[in-house]
Amino acid sequence: RIRAIAIKGLSEEFPATAETQIFIEDVCLIDLYETNDTAQEANLLTTGESQLHLFCPANDTDWIKVEMNTNQTLTLQVDPMDNQLPITAEVYAPDHTLVQTLSIYETNSLISISPQENQLGLWHIQFMPFDPMVFGENTAYQVGIQQYPFQNVISITTLVLVTLIFGSLLLIILLFRKQKK
């Protein structure tokens, strides 16, 4: 029960019956990608796309999947909307083996995946709050994807061979011109 007290100290009598009722609704906001609580339910995330997720209800986890093709490194950017929300991310290879576990504490956190030739296909990433009892509208985070081609590294041997071939061709051209004169 609530009663009012005026500035001059005059107080209202307690009412005989309750004037206010408080209800705590068992309602959970869900994101557009639910249900995605298992690897089998994961939504595909593609290059240039971003997805907004949130953890709700308690013990919620979110899964996404990404397609890995040859000659690419994939970088995910994870942005918790509230920097006070630490998130765990687990990255699984196509054969369902856990490859890496990351702790995400702030916006613009990056997850990079560089598969070997035998690891091409669908990769799965599971996101979960550090504390599984943290959930609700303040647990939103965004995930985006970018891909970068592998940088081809030229070995010293290749560089020497190319230089020798180019030098040999140049020498042949010079000798041929000299013979014409």
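Since we're looking at a predicted model, the values are computed, not measured.

Caption draft 1: Up close: the overall build of the chain. Tallying secondary structure elements over the chain gives 1 helix and 9 strands in all. Its helices and strands in sequence order give the chain the pattern β-β-β-β-β-β-β-β-β-α, from N to C terminus. Residue pairs in contact within the chain that sit at least 24 positions apart in sequence constitute 70% of those at least 6 positions apart. Approximately 12,900 Å² of the chain is accessible, and the part contributed by carbon and sulfur atoms is 57%.

Caption draft 2: Examining the nonpolar core more closely. Within the largest apolar cluster, 22 residues are counted, with the highest numbers of intra-cluster contacts made by Val66, Leu76, Ile111, Ile125 and Phe127. Of all the elements in the fold, those that place two or more residues in this core are strand 3 (62-68), strand 4 (73-80), strand 5 (87-92), strand 7 (109-113), strand 8 (121-129) and strand 9 (141-148). Every residue in contact with Phe127, bar those within four places of it in the chain, is listed here: Phe55, Thr61, Asp62, Ile64, Val78, Ile87, Thr88, Ala89, Ile104, Ile111, Tyr141 and Val143.

Caption draft 3: Structural context of the sheet that holds strand 3. Reading across from one edge, 1-3-8-5-6 is the order of the 5 strands in this open sheet, with mixed pairing throughout. Where the open sheet ends on each side, the last strands, each with one partner, are strand 1 (43-44) and strand 6 (98-104). The sheet contact formed by strand 3 and strand 8 spans 7 bridges and is antiparallel. When the bridges of strand 8 are listed, Val66 appears paired with Trp123.

Caption draft 4: Quick look at the environment of Leu32. In this structure, Leu32 sits in the segment before strand 1. A residue is classified by how much of its surface remains accessible, and Leu32, at 79% relative accessible area, is exposed. As for Leu32 and Leu54, which are separated by 22 residues in sequence, their C-alpha atoms are 9.4 Å apart.

Caption draft 5: How the structure looks around the environment of Thr73. With respect to the helices and strands, Thr73 occurs in strand 4. Spatially, the C-alpha atoms of Thr73 and Ser114 are 4.6 Å apart, while their sequence positions differ by 41 residues.

Caption draft 6: Here's a closer look at the side chain of Thr139. By secondary structure assignment, the location of Thr139 is in the loop between strand 8 and strand 9. We classify Thr139 as buried; its relative accessible area is 2%. At 3.0 Å, the side chain of Thr139 forms a polar contact with the backbone nitrogen of Phe55. Polar side-chain contacts of Thr139 include one of 2.6 Å to the backbone oxygen of Gly136. Sequence-distant contacts of Thr139, that is, excluding residues within four places in its chain, are made with His53, Leu54, Phe55, Leu85 and Val134.

Reading guide: rules and limits
Residues numbered from 1 in each chain as written. Predicted model: local features only at pLDDT ≥ 70, side-chain atom pairs only at ≥ 80, totals over all residues. Heavy atoms only, no water. Helix = DSSP H or I, 4+ residues; strand = E, 2+ residues; numbered from the N terminus. Contact = heavy atoms within 4.5 Å. Areas by Shrake-Rupley, 256 points an atom, 1.4 Å probe, with all protein chains shown as cover. Core = buried A, V, L, I, M, F, W, Y, C linked by side-chain atoms within 4.5 Å. Buried < 20%, exposed > 50% of the residue type's maximum accessible area, 1.4 Å probe, protein only. Pairing = 2+ DSSP bridges. Polar contact = N/O pair within 3.5 Å; in protein donor to acceptor, adjacent residues only side chain to side chain.

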